[in-house]
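# Descriptive structure summary
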There are 2 protein chains.
Amino acid sequence: MQEYFIKGLPSGEQVKVTDKDISKHMFTVMRLQVDDEVVLVFDDGIKRLARISDRDEQLLTLVEDLVDDVELPVAVTIAMGFPKGDKLEFVTQKATELGASQLWAFPADWSVVRWDAKKLAKKAEKLEKIAQGAAQQSKRNKIPSVQLFAHKKDFLAEVAQFDQIFLAYEESAKQGEQAQLVKGLSQLEPGQKILFIFGPEGGISPAEVADLTDLGAVSVGLGPRILRAETAPLYALSAVSVALELKG
Amino acid sequence: MQEYFIKGLPSGEQVKVTDKDISKHMFTVMRLQVDDEVVLVFDDGIKRLARISDRDEQLLTLVEDLVDDVELPVAVTIAMGFPKGDKLEFVTQKATELGASQLWAFPADWSVVRWDAKKLAKKAEKLEKIAQGAAQQSKRNKIPSVQLFAHKKDFLAEVAQFDQIFLAYEESAKQGEQAQLVKGLSQLEPGQKILFIFGPEGGISPAEVADLTDLGAVSVGLGPRILRAETAPLYALSAVSVALELKG
């Protein structure tokens, strides 16, 4: 069944669609008719079954809450050094499918691209749309938030809030630190906030490794193969899911 | 250090580069000079350090074998119903980075595309190039092989050779079969051959589920979120790596 994210919280049984994109999708693209059913997800993350009650007024009636929580048991933030081209778009889509809670990016020492404030605002807006679309398609309860930091120091100032900080560091693989990730994941409690940090294509600089280690980051290997910058976050999110959701 | 895959096996200490793409990359793109070092990987999967000994003759001298095996401990074949567009290209690149041993695709009941023999041959050639490039970049010991089946029955005839067969089935997630994948992976022995089967965008048909189950496939869930057709294989390969390589 089609799922739509609606900003805010429901104020009663009736919901009037005011978002133009959503109303276009419901009534023009999907051609929904009176009594057709969809799932609405408000800011509380609860999926609600809703029925079209008036096409002209774009009104829906809430039928019942659905018990369907597909969020990861921990809130995972993916933070990545600005990569080239449209890799952030790719990571945003795939990380949303794989359950990320927040998508952050920052200008890393070895980021090749330099984005000014205008470019960052435009990019963030695009990524938010991608996250929303991917969240709907993968039937998420929440749309991941997007934040692009203009300055690395502003990103570093946010690192302390997390319960676990993992730094995906290529050299870790060579130093036999393959067990660190599984070990770290096994210590997580439901509801905790974890942060995964990834470099851009060129990787994380030694100065950044030192700074992040001082802030409590644990260097982890993601297997022995060299993963591209945009592939590593997908591995990490899959690992979180395997460790916390597939235990049976 | 740059890595190149060379067909065949070395016949002595001297290696003459005959592949035009490789020689162009070595001597025109990378501008390698006498005494520069590269890694050569022959069909035996052993990485060998080699030194340029003659640019004009495109000769290299083998220096020593390197102890660097980054292959997964089990051979993983990814088989996917023909997806739309360039999704197979995407899956080939990413699955190669993530350690796949073979990449197969077949016309599934719900595949929208219909590729004739000419198109299949062209597609396979393109995928082989992508696999080779990705294998070099992720420093693999082997290039995954590519096989596109013109008929589903030919694919089904190959299924029996595997030690474990996993069917990524969306409905499994809903039936609480989240533990099947981890359980199956925990039973694997090094060197075994495993097969992961994925549907195209529309999924696997009930008839296909029945046929594959008869052939020994176990339906597995890949977490509670709906993954796109091209994302599911990446989750599966990451799961194999987490289960078998990150144990420490």
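In the nomenclature of an unreviewed UniProt entry, chain A corresponds to Ribosomal RNA small subunit methyltransferase E from the organism Streptococcus cuniculipharyngis. Regarding chain A, the relevant UniProt record gives this comment under Catalytic activity (unreviewed entry): "uridine(1498) in 16S rRNA + S-adenosyl-L-methionine = N(3)-methyluridine(1498) in 16S rRNA + S-adenosyl-L-homocysteine + H(+)".

## Quick word on the relation of the copies chain A and chain B
For the pair chain A and chain B, the superposition axis carries a translation of 0.0 Å, the fit reaches an RMSD of 0.0 Å, and the rotation angle comes to 180°. In symmetry terms, the pair is related by a two-fold rotation axis. Of the interface residues in chain A, 100% have counterparts in chain B that sit at the interface too, so the contact is made through matching surfaces.

## Examining the packing of helix α2 (residues 87-97) of chain A against helix α3 (residues 117-137) of chain A
Residue and element names in this part refer to chain A. Packing of α2 against α3 leaves a shortest axis separation of 8 Å and a crossing angle of 30°. Accordingly, the angle class assigned to the pair α2 and α3 is roughly parallel. Of the two possible hands of crossing, α2 and α3 adopt the one that is right-handed. Listed contacts from α3 to Leu88, Glu89, Thr92, Gln93 and Thr96 of α2 are Lys123, Lys126, Leu127, Ile130, Ala131, Ala134 and Ala135. Tallied by class, the residues present in the contact of α2 with α3 amount to 6 nonpolar, 3 polar and 3 charged.

## Quick notes on the packing of aromatic side chains
Per the counting criterion, the structure on display carries 17 aromatic pairs over all chains. Here Phe82(B) and Trp115(B) contribute two aromatic rings whose centre-to-centre distance is 4.7 Å and whose plane-to-plane angle is 35°, an arrangement assigned as tilted. Here Phe82(B), found in the loop between β6 (75-81) and α2 (87-97), pairs with Trp115(B), found in the loop between β7 (102-106) and α3 (117-137); they are 33 residues apart in sequence, far enough to count as distant. A residue is classified by how much of its surface remains accessible, and Phe82(B), at 1% relative accessible area, is buried. Judged by its relative accessible area of 15%, Trp115(B) is buried. Ring centres 5.6 Å apart and planes at 75° place the aromatic pair Trp104(B) and Phe162(B) in the edge-to-face group. Of the two residues, Trp104(B) is situated in strand β7 and Phe162(B) in the loop between α4 (152-156) and β9 (164-168); the sequence distance between them amounts to 58 residues. Like Phe162(B), Trp104(B) is buried. Through successive ring pairs, a cluster of aromatic residues spans Trp104(A), Phe106(A), Phe149(A), Phe155(A) and Phe162(A). Over the face of the ring belonging to Phe162(A) we find Lys193(A), whose NZ or CZ atom lies 5.5 Å from the ring centre.

## Topic: the UniProt feature "domain: Ribosomal RNA small subunit methyltransferase E PUA-like" (unreviewed entry) in chain A
Mapped onto this structure's residue numbering, the UniProt feature "domain: Ribosomal RNA small subunit methyltransferase E PUA-like" (unreviewed entry) falls at residues 19-63 of chain A. Within residues 19-63 of chain A, the helical portion is 22% and the strand portion 40%, while the C-alpha atoms at the span's ends are 21 Å from each other.

## Some thoughts on the pattern of salt bridges
If you walk through the whole model with that rule in mind, you get 34 salt bridges over all chains. Residue Asp154(A) pairs with Lys153(A) through a salt bridge whose shortest N-O separation is 3.6 Å. You can call Asp154(A) partly exposed: its relative accessible area is 33%. Residue class for Lys153(A) comes out exposed when judged on its relative accessible area of 58%. With a shortest N-O distance of 3.0 Å, Lys94(B) and Glu97(B) are connected by a salt bridge.

## Focus on the pairing of β6(B)
Note on strand geometry: in a regular strand, side chains alternate between the two faces of the sheet. Residue and element names in this part refer to chain B. For β6, the buried fraction is high: 6 of the 7 residues fall into the buried class. Sheet topology note: the β6/strand β10 (residues 193-198) ladder contains 6 bridges and is parallel. Directly across from Ala79, in β10, lies its bridge partner Ile197. Note that β6 and β7 share 5 bridges and pair parallel. Following the sheet pairing, Ile78 is matched in β7 by Leu103.

## Describing the domain arrangement of chain A
Residues and elements named next belong to chain A. Taken domain by domain, chain A consists of domain 1 (3-66) and domain 2 (75-245). Of the residues lining the interface, 9 residues belong to domain 1; the matching set on domain 2 comes to 9 residues. Across the interface of domain 1 and domain 2, roughly 730 Å² is buried in total on both sides, 50% from carbon and sulfur atoms. Considering only the surface of domain 1 that becomes buried against domain 2, Glu3, Phe5 and Lys47 emerge as the three largest contributors, covering 69% of it. Our count for the contact surface shared by domain 1 and domain 2 stands at 0 salt bridges. Taken together, the connections running from domain 1 to domain 2 amount to 2 residue pairs in polar contact (both at pLDDT 80 or more). Of the residues that constitute the side of domain 1 that touches domain 2, the class distribution is 3 nonpolar, 1 polar and 5 charged.

## Some points on unusual backbone geometry
Residue and element names in this part refer to chain B. Even without being a glycine, Arg31 presents a positive backbone phi close to 50°. By secondary structure assignment, the location of Arg31 is in the loop between α1 (20-29) and β3 (37-41). Positive phi, normally seen in glycine, also occurs at Asp35, with a value near 85°. Positionally, Asp35 belongs in the loop between α1 and β3.

## Side note on the sheet that holds strand β2 (residues 14-16) of chain A
Residue and element names in this part refer to chain A. Pairing is mixed across the open sheet formed by 5 strands, whose spatial order is β1-β3-β4-β5-β2. Two strands close off the open sheet at either side, each with one partner strand: β1 (3-5) and β2. Adjacent strand axes in the sheet meet at a mean angle of 40°, parallel and antiparallel pairs treated alike. Pairing of β1 with strand β3 (residues 37-41) involves 3 bridges; the strand directions are parallel. Note on β3: the bridge partner recorded for Glu3 is Val39. Where helix α1 (residues 20-29) meets the sheet, its contacts fall on β1, β3, β4 (47-54) and β5 (59-66), and the angle it forms with β1 comes to roughly 160°.

Cut-offs and rules
Numbering of residues starts from 1 in each chain and follows the order in which that chain's sequence is written. Chains carry letters and ligands carry numbers; both start at the beginning, A for chains and 1 for ligands, and go up in the order they are written. pLDDT decides what is reported in this predicted model: residues at 70 or higher carry local features, side-chain atom pairs at 80 or more are listed and counted, and totals for whole chains, interfaces and linings draw on all residues regardless. Hydrogens and water are ignored here; the side-chain numbers use all heavy atoms of the structure. UniProt positions are given in the numbering used here, feature names are shortened, and annotations may be inferred rather than shown by experiment. The copies were overlaid with a least-squares fit restricted to C-alpha atoms from residues scoring a pLDDT of at least 70 in each copy. By definition in these notes, contact holds between two residues if any of their heavy atoms fall within 4.5 Å. Angles run from 0 to 180 degrees between N-to-C directions of axes, and those axes are lines fitted to C-alpha atoms, restricted for helices to the stretch in contact. Numbering goes from the N terminus for both helices and strands, where a helix is a DSSP run of H or I of at least four residues and a strand is a run of E of at least two. Each angle is binned into one of four classes, with values under 35 degrees roughly parallel, values over 145 roughly antiparallel, values of 65 to 115 roughly perpendicular, and all other values oblique. For a crossing to be left-handed, the near helix must be turned anticlockwise from the far one by less than a right angle; the clockwise case is right-handed. Under the scheme applied here, ten amino acids are nonpolar (Ala, Val, Leu, Ile, Met, Phe, Trp, Tyr, Cys and Pro), four are charged (Asp, Glu, Lys and Arg), and all others, including Gly, are polar. Only Phe, Tyr and Trp rings take part, Trp by its six-membered ring, and two of them pair if their centres are within 6.5 Å. Stacked means planes under 30 degrees apart, edge-to-face means over 60, and tilted covers everything else. Burial status follows relative accessibility: with a 1.4 Å probe on protein chains alone, a residue under 20% of its type maximum counts as buried, one over 50% as exposed, and anything between as partly exposed. Cation placement over rings: the criterion is NZ of Lys or CZ of Arg within 6 Å of the ring centroid and within 35° of the ring normal. Between Lys or Arg on one side and Asp or Glu on the other, a salt bridge is scored when a side-chain nitrogen of the former is within 4 Å of a carboxyl oxygen of the latter. At least two DSSP bridges between two strands are required for those strands to pair. An automatic or database domain assignment is the source of the domain bounds shown. Accessible surface is computed with a 1.4 Å probe, and the buried area is the amount of it that two parts give up when combined, taken over both parts together. Polar contacts here mean pairs of N or O atoms no more than 3.5 Å apart (in protein, one a potential hydrogen donor and the other a potential acceptor; neighbouring residues in sequence count only if both atoms are side-chain atoms).

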